[in-house]
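A closer look at the structure
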Amino acid sequence: MLVQNYTNKVRLMKLVTGEEIISYVTKNEDDYTFTRPLMCVLGVDPQNPLQGQVSFCPWLICASANISVDISGDKILTILTPDANATNQYIASVGDIRE
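For clarity, every value in this text was computed on a predicted model and none was experimentally measured.

Here is what the cut-offs are and how they apply
- Residues numbered from 1 in each chain as written.
- Predicted model: local features only at pLDDT ≥ 70, side-chain atom pairs only at ≥ 80, totals over all residues.
- Heavy atoms only, no water.
- Helix = DSSP H or I, 4+ residues; strand = E, 2+ residues; numbered from the N terminus.
- Rg over C-alpha atoms; globule rule 2.2 N^0.38 Å.
- Buried < 20%, exposed > 50% of the residue type's maximum accessible area, 1.4 Å probe, protein only.
- Contact = heavy atoms within 4.5 Å.
- Areas by Shrake-Rupley, 256 points an atom, 1.4 Å probe, with all protein chains shown as cover.
- Lys, Arg positive; Asp, Glu negative; His and termini not counted.
- Charge placed at Lys NZ, Arg CZ, Asp CG, Glu CD.
- Polar contact = N/O pair within 3.5 Å; in protein donor to acceptor, adjacent residues only side chain to side chain.

Attention shifts here to the overall build of the chain. Counting secondary structure elements, the chain contains 1 helix and 6 strands. Shown N-terminal to C-terminal, the secondary structure of the chain runs as helices and strands in the order β-β-β-β-β-β-α. Against the 2.2 N^0.38 benchmark of 13 Å for 99 residues, the chain shows a C-alpha radius of gyration of 14 Å, consistent with a compact globule. Along the first, second and third principal axes, the C-alpha set of the chain runs to 45 × 30 × 25 Å. Here the chain holds 99 residues, and the buried ones make up 33% of them. Summarising the internal contacts of the chain: among those between residues at least 6 apart in sequence, 52% fall at separations of at least 24. In the form shown here, the chain has an accessible surface area of approximately 6,400 Å², with 52% of it arising from carbon and sulfur atoms. Positive and negative side-chain charges of the chain, numbering 7 and 11 respectively, have mean locations separated by a distance of 3 Å.

Below, the structure is given as structure tokens:
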């Protein structure tokens with residue numbers, strides 16, 4: 001399968017570890033670079049406990065907010081374009097670096 005390279009696109013990834021990461025992603029030859037990655041977490045709304053709320057937290061807790069991490073393609077189960085609400089919330093959290 002031919003995958004085109006791209007730079008700084010907001011993507012949602014499911015890793016083999018089960019983590020769901022939202023990040024600016026650059027596709028390289030054999031790997032991906034995650035820039036400013038955040039982990040998606042599900043919280044409980046006390047007003048409506050049957051309805052979860054998605055929020056973001058640092059993926060690497062003690063790392064710089066501007067970190068870039070290279071991840072091998074075989075560690076990623078899937079890569080999706082997040083919905084507009086998640087994309088906007090992510091960009092509001094980390095800033096806009098899209099090209």
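With respect to the helices, strands and loops of the structure, threonine 33 is situated in strand β3 (residues 31–45). A residue is classified by how much of its surface remains accessible, and threonine 33, at 15% relative accessible area, is buried. A distance of 2.6 Å separates the side chain of threonine 33 from the side chain of aspartate 70, its partner in a polar contact. In this structure, threonine 33 is in contact with Tyr24, Val25, Thr26, Asn28, Ser68, Val69 and Asp70, ignoring residues within four places of it in sequence.

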